[in-house]
Amino acid sequence: MRKSVSITLFSLLVLFISCSDKRSAPGKAGQSRSGTTVVYYAQGFEIENDTDYKVLKIKNPWNPQKTVQNYVLVPRTQALPEQLPDGILLRTPLQRTVAFSAVVCGMLDELNVLSTLVGVAESQYIAIPSVQASVANGAVRDVGQASNPNIEQLMWIEPEAIFTNPVNESGIGTLAKLSVPAIPCLEWKETHPLGQAEWIRVIGLLFDKQALADSLFFVAMSAYNDLKAQTDAVAHRPTVFVEKKHGDFWYMPGGKSYFAHLLEDAGADYLFKDNEQTGSISYAFEQILDRAAKADYWLFKHYSPQDANYKQLADEYANYALFDAYRKRHIYVCNTLKTAHYYHELPLHPDWVLKDLIRIFHPELLPEYRARYYFLMKD
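Residues numbered from 1 in each chain as written. Predicted model: local features only at pLDDT ≥ 70, side-chain atom pairs only at ≥ 80, totals over all residues. Heavy atoms only, no water.

Draft legend 1. Quick peek at the overall build of the chain. Counting its secondary structure elements, the chain contains 13 helices and 19 strands. Relative to the 2.2 N^0.38 estimate, which gives 21 Å for 379 residues, the radius of gyration of the chain is 22 Å and therefore close to what a compact globule would have. C-alpha atoms of the chain, sized along the principal axes, occupy 70 × 50 × 40 Å. Per-residue burial for the chain yields a buried fraction of 49% across its 379 residues. A separation threshold of at least 6 residues defines the contact pool for the chain, and within that pool the share at least 24 residues apart is 58%. Here the chain displays about 18100 Å² of accessible surface, and carbon together with sulfur accounts for 50% of that area. Distance from the positive charge centre (37 side chains) to the negative charge centre (42 side chains) of the chain: 3 Å. (Helix = DSSP H or I, 4+ residues; strand = E, 2+ residues; numbered from the N terminus. Rg over C-alpha atoms; globule rule 2.2 N^0.38 Å. Buried < 20%, exposed > 50% of the residue type's maximum accessible area, 1.4 Å probe, protein only. Contact = heavy atoms within 4.5 Å. Areas by Shrake-Rupley, 256 points an atom, 1.4 Å probe, with all protein chains shown as cover. Lys, Arg positive; Asp, Glu negative; His and termini not counted. Charge placed at Lys NZ, Arg CZ, Asp CG, Glu CD.)

Draft legend 2. Spotlight on empty space enclosed by the protein. Tallied over the full model, the rule gives one cavity of 30 Å³ or more. As a volume, the largest cavity reaches approximately 50 Å³. Surrounding the largest cavity, Glu110, Ala197, Ile200, Leu216, Phe217, Ala220, Leu348 and His349 form its lining. Looking at which element gives the most residues to the lining of the largest cavity, the answer is helix α7 (residues 210–231), with three residues. (1 Å grid on protein atoms, 1.4 Å probe; cavity = no way out; pocket = protein on both sides within 12 Å on 5 of 7 lines; lining within 4 Å. Points joined across faces, edges and corners; volume = space filled by probe spheres on them.)

Draft legend 3. Quick look at the packing of aromatic side chains. Tallying each qualifying case throughout the model produces 30 aromatic pairs. Ring plane angle 75° and centroid distance 5.5 Å describe the contact between tyrosine 342 and tyrosine 373, whose orientation is recorded as edge-to-face. Residue tyrosine 342 is found in helix α12 (residues 342–345), and its partner tyrosine 373 is found in the loop between α13 (350–361) and β19 (375–376); the two are separated by 31 residues along the sequence. For the pair formed by tyrosine 342 and tyrosine 373, the shared burial category is buried. (Phe/Tyr/Trp six-rings, centres within 6.5 Å; stacked < 30°, edge-to-face > 60°.)

Draft legend 4. Structural context of the sheet that holds strand β12 (residues 239–242). Taken in spatial order, the five strands of this open sheet run β15-β12-β17-β18-β19, and their pairing is mixed. Each edge of the open sheet is held by one strand with a lone partner, namely β15 (269–270) and β19. Pairing of β12 with strand β17 (residues 297–302) involves three bridges; the strand directions are parallel. Bridging from a neighbouring strand, valine 242 pairs with leucine 299 of β17. (Pairing = 2+ DSSP bridges.)

Draft legend 5. Seen up close, the pairing of strand β18 (residues 331–335). Burial analysis of β18 places five of its five residues in the buried class, which makes it a mostly covered element. What you see with β18 is no split at all: Ile331, Val333 and Asn335 on one side and Tyr332 and Cys334 on the other are buried throughout. Looking at chain direction, β17 and β18 are connected through five bridges and run parallel. By the bridge assignment for β18, tryptophan 298 is matched with isoleucine 331.

Below, the structure is given as structure tokens:
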């Protein structure tokens with residue numbers, strides 16, 4: 001559902017300048033006097049502004065010294081300048097697009113430009129009713145898997161740009177054989193929750209929706225930092241660990257990952273915070289038990305038509321019952337099938353997830369709040 005923004009951009013900027021997590025104050029429309037757009041949390045992109053065009057630079061998160069691609073953006077209503085910098089030319093606003101991820105679809109929805117969508121990948125994972133309806137009636141084509149799309153389908157629908165979602169460096173150039181610009185959306189590689197949220201400003205730029213994108217980001221940023229301020233001075237930080245064993249290993253978010261940031265900002269003591277990794281780390285069960293046996297809370301996600309329960313968990317793996325969080329019934333679960341909006345809302349609205357986590361660890365701070373994602377697991 002599209003959201004309305006009732007706060008003016010000016011008031012949001014004033015509010016942001018005064019928030020607790022101090023960053024450089026934004027200039028006019030979030031743009032510095034030098035002509036470079038101020039980016040507050042994201043590490044994966046830069047935006048340079050010229051009188052006649054803008055340059056969007058997508059960085060390589062696997063090799064920070066390199067740029068994946070430069071995109072030169074020129075408004076459709078404007079004649080092409082005689083001289084342009086190196087890069088892929090895009091006329092804005094884009095009018096026919098393909099999205100390979102639910103997150104990008106969520107951003108298009110928030111910016112009221114879903115009507116430009118002519119194709120998606122893996123539509124079964126996009127929990128947006130209008131997208132599902134458009135796929136069902138043929139207005140939007142499902143082009144298959146994001147990692148191996150149907151090239152003929154892509155050529156037939158003639159998009160102007162494809163928003164890709166590469167999971168590794170080798171996936172960046174998989175569509176090079178097409179003459180259609182591919183724009184890698186790498187928000188998931190950001191290590192700060194607000195860094196992920198800031199990628200809506202990239203999408204806004206491509207659809208001439210900069211003001212709306214900025215306002216949506218500043219709303220999320222202000223709300224997030226206001227919530228974080230409430231937990232900064234908590235006297236006690238309960239201990240927590242997350243996820244479950246898969247096969248022979250337990251994959252735990254690294255101590256520098258976005259979810260570790262969320263747990264810290266929610267006022268919890270994440271027991272694997274000392275790990276310096278930004279991605280997931282594999283552990284043997286015994287390593288998890290050794291560190292987390294006495295943890296106050298256990299959170300995990302699962303995908304099932306049925307809600308998880310303690311008997312099912314013990315039947316799945318009997319040694320789960322060795323954790324204090326199991327015995328004390330302090331397990332919270334996010335069912336990503338029933339809460340299908342989790343994966344496309346988390347990058348856009350980290351403040352919503354943060355609020356859920358604060359409710360778990362410090363319910364006295366949000367006495368009236370009702371959970372949206374994580375619920376106490378029942379017997």
